[in-house]
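Listed below are the residues making up each chain.
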Amino acid sequence: MELKWIIVIIIILSLLLYRWIIQRKQAINNVLERSDEEKIKDINNALELYGFVYDETNDIICSNMNPWQRGVGYCRFYDEAAPALNMIIDSEPIYFEYDNRRWLIEIWKGQYGMNTGGEIGIYVTEMEDINIPGIFSGPFFEAVSDEELLNMDFKLKISEKELFKRQDYHWWLTGFDVGVFSNPNNLSMEIRIIFPNSIMKDAFLGGLKRVGYKEDEIKIIKNIIYFNFNKPKSDQPYNRYKLIIPFIQFMNKTYCKIYNSITKDFVRTIDKIDFLRLYYPNLFKLIAGKNRMKKLQKSYKVISSYINGNEMRSNEHL
């Protein structure tokens, strides 16, 4: 190639790079000039579809009170399918009976795609177990009602360093630190749950002990139970994706690196998320879990047909 054409190519590439730098600088300034009120409003409007809100106190995202997830309930199949949804997580289901119903309080921690997070969910069922051949067999739980919300809090730590703390009356208390990568075994949760009465507290305590928690691992003050979730004591869900988990985590780590590289000019998560929302919408959808939402809703559609079948059979026995 002649020297003049090499020079022309270099000039063109230099101009394109200069243009990109100028455009990026302008985009960064556009985000920084927006008020926090504007950012929170726009971010929450965008996150609402996916069931999440921005938590200004902790600079993280978390679940709102009535997301789409509240309508799809819970069954163990969801945990079994988690790796296919880029979620590499530890789970600790605590089953117990109270008020003539079967209850489940489940805790999760781990990597959720581009986010490191933790969750506590409260579910209940009065239905018979369902059986979906080749997919799932066992109880299907529904999220508790507003009257049954519990006052809960947890601290999520990574290698003893606190990432954030969440507290609320909720049925699904969550927190997700965007762009932070972790392996579940490096995470721990310090948990407190306040029960409405001693009967429910004792029922949950029995569930904790059946899973394997010892007396010296549990602290009780009146109707409040404290415990730590480190290494799961319960059997983990059957993992058909075990061989590809390293690849899934490699992809999750890559997403975090891309996120942190693109948003390196910002310090706060609110600015980073707003930047992605405006200029990298596909990455924003990865944070929000768009594909996860579609797949879980599709799974629930299949499961709900069996739930309805169970309800019809129960009515026939009345």
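For the structure itself, consult the block above.
Quick caveat: nothing in here was measured; it's all calculated off a predicted structure.

Draft legend 1. Representation of the packing of aromatic side chains in the model. A full pass over the atoms with the stated rule returns 20 aromatic pairs. With centroids separated by 5.5 Å and ring planes inclined at 35°, the aromatic side chains of W171 and W172 adopt a geometry described as tilted. Consider the rings of F266 and F275, whose centres lie 5.1 Å apart with planes at 50°: the pair is tilted. Connected via pairs of aromatic rings, a cluster forms that spans F52, Y74, Y78, W108, Y112, Y123, W171, W172 and F176. The ring centre of F229 lies 5.0 Å from the NZ or CZ of K109, which sits over that ring.

Draft legend 2. The state of the cysteines, seen in detail. A complete count under the given rule lists zero disulfides for this structure. Just so you know, C62 is unpaired, no disulfide at all, and the nearest cysteine sulfur is the one on C256, 18 Å from it. A relative accessible area of 2% means that C256 is categorised as buried.

Draft legend 3. A look at helix α5 (residues 245-262). For α5, built from 18 residues, the straight-helix expectation of 26 Å at 1.5 Å per residue is met to within 8% by its first-to-last C-alpha distance of 26 Å. Buried within α5 we find I245, I248, Q249, N252, C256, Y259 and I262. Down the axis, α5 shows its buried residues gathered within 155° of arc, on one side only. Among the exposed residues of α5, those oriented more than 90 degrees off its buried face are P246, F247, F250 and K257.

Draft legend 4. The layout of surface pockets, seen in detail. Within this model, the largest pocket holds a volume of roughly 480 Å³. The element contributing the most residues to the lining of the largest pocket is strand β3 (residues 87-98), with five residues. In terms of residue class, the lining of the largest pocket is built from twelve nonpolar, ten polar and seven charged. When its volume is computed, the second largest pocket comes out at roughly 210 Å³. Taken together, 14 residues line the second largest pocket, and the ones lying closest to its centre are N86, L286, G289, N291 and R292.

Conventions adopted
- In every chain, residue numbers begin from 1 and rise along the written sequence.
- Local features in a predicted model are, by the rule used here, given only for residues with pLDDT of at least 70; side-chain atom pairs are given and counted only at 80 or more, and totals for whole chains, interfaces and linings are based on all residues.
- As a rule here, side-chain values cover all heavy atoms of the structure and leave hydrogens and water aside.
- Pairing of aromatic rings covers Phe, Tyr and the six-membered ring of Trp, with a centre-to-centre limit of 6.5 Å; geometry is then stacked below 30 degrees between planes, edge-to-face above 60, and tilted otherwise.
- For a lysine, the NZ atom is tested; for an arginine, the CZ atom; a charge sits over a ring if that atom is within 6 Å of the ring centre and within 35 degrees of the ring normal.
- Any two cysteine sulfur atoms lying within 2.5 Å of each other are counted as a disulfide.
- To sort residues, take the accessible area from a 1.4 Å probe on protein chains only and compare it with the maximum for the residue type: under 20% means buried, over 50% means exposed, and anything in between is partly exposed.
- The secondary structure listing takes helices from DSSP runs of H or I that are at least 4 residues long and strands from runs of E that are at least 2 residues long, numbered from the N terminus.
- Multiplying one less than the number of residues by 1.5 Å gives the expected span of a helix.
- This arc describes the spread of directions from the helix axis toward the C-beta atoms.
- Cavity means a closed set of points on a 1 Å grid over the protein atoms alone, one where a 1.4 Å probe fits but cannot get out, pocket means an open set with protein on both sides within 12 Å along at least 5 of 7 lines, and lining means a residue has an atom within 4 Å of a point.
- Grid points are joined across faces, edges and corners, and a volume is the space filled by probe spheres set on the points.
- In this count, Pro and Cys sit with the nonpolar residues alongside Ala, Val, Leu, Ile, Met, Phe, Trp and Tyr, while Asp, Glu, Lys and Arg are called charged and the others, Gly among them, polar.

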